[in-house]
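Residues per chain are reported as follows:
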Amino acid sequence: MAQLAVNVDHVATLREARGINYPDPVGAAVAAETAGADGIVVHLREDRRHIKERDVRLLRKIVQTKLILEMASSNEMLGIALDIKPDCVTLVPEKREELTTEGGLDLITHQDHIREAVTTLKNAGIAVCIFIDPDLDQIKIAHKIDADMIEIHTGAFCDAVTKLQKQREFLRIVDAAKIGTKLKLEVNAGHGISYNTIKAFKGLTEISEFSIGHSIVSRAILTGMEQAVRDMKQLILAL
Ligand code: PXP
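About the criteria used
- Residues numbered from 1 in each chain as written.
- Predicted model: local features only at pLDDT ≥ 70, side-chain atom pairs only at ≥ 80, totals over all residues.
- Heavy atoms only, no water.
- Core = buried A, V, L, I, M, F, W, Y, C linked by side-chain atoms within 4.5 Å.
- Buried < 20%, exposed > 50% of the residue type's maximum accessible area, 1.4 Å probe, protein only.
- Helix = DSSP H or I, 4+ residues; strand = E, 2+ residues; numbered from the N terminus.
- Contact = heavy atoms within 4.5 Å.
- Pairing = 2+ DSSP bridges.
- Right-handed = clockwise from strand over helix to strand, strands pointing away.
- Axes fitted to C-alpha atoms, helices over the stretch in contact; angles between N-to-C directions.
- Parallel < 35°, antiparallel > 145°, perpendicular 65-115°, else oblique.
- Left-handed = near helix turned anticlockwise from the far one by under 90°.
- Nonpolar A, V, L, I, M, F, W, Y, C, P; charged D, E, K, R; others polar.

Undergrad: I keep staring at the nonpolar core and nothing clicks. Help me out?
TA: The nonpolar side chains of soluble globular proteins are, as a tendency, buried together. Judged by nonpolar contacts, the single largest core of 74 residues is most densely connected at L91, F210, I216 and M225. The element best represented in this core is helix α8 (residues 163–182), accounting for six residues. Excluding its chain neighbours within four sequence positions, the residues that come into contact with I216 are L4, V6, Y195, M225, A228, V229 and M232. Listed in part, the six residues of the second largest apolar core include A5, V41, C129 and M149.

Put into structure tokens, the structure is as follows:
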């Protein structure tokens, strides 16, 4: 049964739109867990555009399930991770000007640097996941550098417009999930998943966890966080 990790970044986005102290992503995390979330995810970006260090520190204290910290592999972020000790770090590429994470980590280019980050985090007892495009060569390197998990970037599938594009992108995810499992990596998936696109994953039992933020926080504005998480959880239970 796949798990649901709820990303609460965009609760902080709303807070930062006014530069005040509400809504609080920490409160959203409590509501998400009450409704059955299996983990809470936040992305602490270099520019601190939504989540702040204060949020991660508070979440470390109150999250009952598991805290997953998305971050770049910079020295600054590694220092923060070693200090706060989330249960898991998901290493992502980061560009200052992007609206959201645009692609998976390029391990072919950055293999040595990422290997070092993986070793540092694992030595501190933090599980390491690598956000990666559904590309077999990249996944083989994730295995080689000793990552515990991969999170397959589902953005190209979720954003595809034509049926053919969707089919092609989904097949890439299926192949990636199968090779990851074969290499004994835990396989997660995320980015752009909605209450509609989640249904495509029916039967793809290789996926252990879905990391979902924008669609859940968007629905939460209309239905409340608990209902929004329950709705997504139910769809995942039906896969
Ligand atoms: N996984 C990763 C690595 C991400 O960077 C994001 C976006 O912060 C997500 C999952 C969640 O994506 P979305 O907000 O589109 O559900």
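Text resumes after the structure shown.
Undergrad: Looking at this model, I keep getting lost on the pairing of strand β3 (residues 67–71). Mind explaining?
TA: On any regular strand, side chains alternate: one points to one face of the sheet, the next to the other face. For β3, the tally of buried residues reaches five of five residues, placing the bulk of the element in the interior. Side-chain alternation along β3 places L67, L69 and M71 on one buried face and I68 and E70 on a second face that is also buried. Of the strand pairs in this sheet, strand β2 (residues 39–43) and β3 are connected by four bridges, and their pairing is parallel. Counterpart to I40 in the pairing with β3 is L67. Chirality of the crossover, the property in question, places the unit of β2, helix α3 (residues 53–62) and β3 among those that are right-handed. Bridge analysis of β3 against strand β4 (residues 88–91) gives four bridges, and the strand direction is parallel. Note that in β4 the partner of M71 across the bridge is L91.

Undergrad: Can you help me understand the packing of helix α9 (residues 214–223) against helix α10 (residues 225–237) in this one?
TA: Two quantities define a packed helix pair, namely the angle between the axes and the distance from one axis to the other. Running from N to C, α9 and α10 point in directions that differ by 130 degrees, and their axes come no closer than 7 Å. Relative to α10, the element α9 lies oblique. You can see that α9 and α10 cross each other, and the crossing is right-handed. Between α9 and α10, the residues in contact are S215, I216, R219, A220 and T223 and M225, Q227, A228, V229, D231 and M232, respectively. Here the contact of α9 with α10 is composed, by residue class, of six nonpolar, three polar and two charged.

Limitation: the analysis is restricted to geometry and does not speak to function.
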